[in-house]
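# A structural walkthrough
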Amino acid sequence: MRILHTMLRVTDLQKSISFYTELMGMRLLRRKDYPAGKFTLAFLGYGDEKDTTVLELTHNWDTSSYELGTAYGHIAIEVDDVYAACDSIKTRGGQVVREAGPMKGGTSILAFVKDPDGYMIELLDPKRLD
Ligand SMILES: C[C@@H](O)C(=O)SC[C@H](NC(=O)CC[C@H](N)C(=O)O)C(=O)NCC(=O)O
Ligand code: NI
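Residues numbered from 1 in each chain as written. Chains lettered and ligands numbered in written order. Predicted model: local features only at pLDDT ≥ 70, side-chain atom pairs only at ≥ 80, totals over all residues.

On a plain count of helices and strands, the protein comes out with two helices and eight strands. Along the chain direction, N to C, the helices and strands of the protein fall in the order β-α-β-β-β-β-α-β-β-β. Against the compact-globule benchmark of 14 Å for 130 residues, the protein has a radius of gyration of 15 Å, which places it among compact chains. In terms of principal-axis extent, the alpha carbons of the protein reach across some 50 × 30 × 30 Å. (Helix = DSSP H or I, 4+ residues; strand = E, 2+ residues; numbered from the N terminus. Rg over C-alpha atoms; globule rule 2.2 N^0.38 Å.)

Here's what the structure looks like:
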């Protein structure tokens with residue numbers, strides 16, 4: 001078995017696709033409308049679905065906002081240089097909400113950015129895992 005994808009409900013699909021492709025470097029793998037259910041699915045990632053875990057963005061056509069709640073944590077993305085990744089994301093207008101640096105009480109270098117719906121995305125350098 002393996003983890004196939006993580007699904008996030010998004011309010012503006014194109015805005016989210018732009019964020020994950022232009023700022024996070026993902027590739028749009030496939031997209032499909034489901035008129036009967038009035039929703040669209042878009043799958044994005046860093047490789048093919050047969051080889052990698054991907055992101056499934058669900059756009060419900062009639063829903064304009066969601067309560068993210070207090071339970072959601074983050075999706076972590078591997079980066080070679082957290083500091084450089086944050087600079088690049090900020091340059092492209094992204095929202096870095098926790099600057100790059102060692103994790104509290106640890107040594108892993110990480111940062112957090114928010115996606116267009118406010119979902120937290122962790123940037124982590126796996127070479128320095130605690
Ligand atoms: C393709 C597979 O990975 C899916 O997750 S599609 C599953 C399907 N999704 C939706 O219906 C999305 C729209 C829905 N309004 C929502 O916000 O979740 C789903 O959940 N189907 C339910 C079923 O019983 O088939
Ligand atoms: Ni799914």
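Domain boundaries in the protein define domain 1 (5–60) and domain 2 (75–124). Computed from C-alpha atoms alone, the centre-to-centre distance between domain 1 and domain 2 is 20 Å. In this complex, domain 1 contributes 11 residues to the contact, which on the side of domain 2 involves nine residues. Looking at the side of domain 1 that touches domain 2, the elements with two or more residues in it are strand S1 (5–10) and helix H1 (13–23). The element contributing the most residues to the side of domain 1 that touches domain 2 is H1, with five residues. (Domains from an automatic or database assignment. Contact = placed C-beta atoms within 7 Å.)

The strand order across the open sheet formed by four strands is S5-S8-S7-S6, and the pairing between neighbours is mixed. Each edge of the sheet is formed by a strand with only one pairing partner; in this case those strands are strand S5 (75–78) and strand S6 (95–102). The average angle at which neighbouring strand axes cross in this sheet is 20 degrees, direction not considered. For strand S7 (residues 109–114) and strand S8 (residues 120–124), the ladder comprises five bridges, and the chain directions are antiparallel. Looking at the pairing, valine 113 lines up with isoleucine 121 of S8. (Pairing = 2+ DSSP bridges. Axes fitted to C-alpha atoms, helices over the stretch in contact; angles between N-to-C directions.)

The UniProt record marks Glu56, His74 and Glu122 with the feature "binding site: Zn(2+)" (unreviewed entry), using the residue numbering of this structure. With respect to the helices and strands, histidine 74 occurs in the loop between strand S4 (54–60) and S5. Sequence-distant contacts of histidine 74, that is, excluding residues within four places in its chain, are made with Phe112, Met120, Ile121 and Glu122. Along the chain, glutamate 122 turns up in strand S8. (UniProt positions renumbered as here; feature names shortened; annotations may be inferred.)

On to the site of ligand 1, then. Taken together, Met7, Arg9, Gly37, Phe39, Leu41, Glu56, Thr58 and Asn60 form the complete shell of residues around ligand 1. Listed by contribution, the elements that provide at least two residues to the shell around ligand 1 are S1, strand S3 (39–45) and S4. Here the shell around ligand 1 takes three residues from S4, the largest share from any one element. (Near = placed C-beta within 6 Å.)

Even without being a glycine, lysine 38 presents a positive backbone phi close to 55 degrees. Residue class for lysine 38 comes out exposed when judged on the 12 C-beta atoms lying within 10 Å of it. (Buried ≥ 20, exposed ≤ 12 C-beta atoms within 10 Å, placed from the backbone.)

Residues annotated by UniProt as "active site" (unreviewed entry) correspond here to Glu122. Here glutamate 122 is in contact with His74, Ala76, Ile77, Leu110 and Phe112, once residues within four sequence places are set aside.

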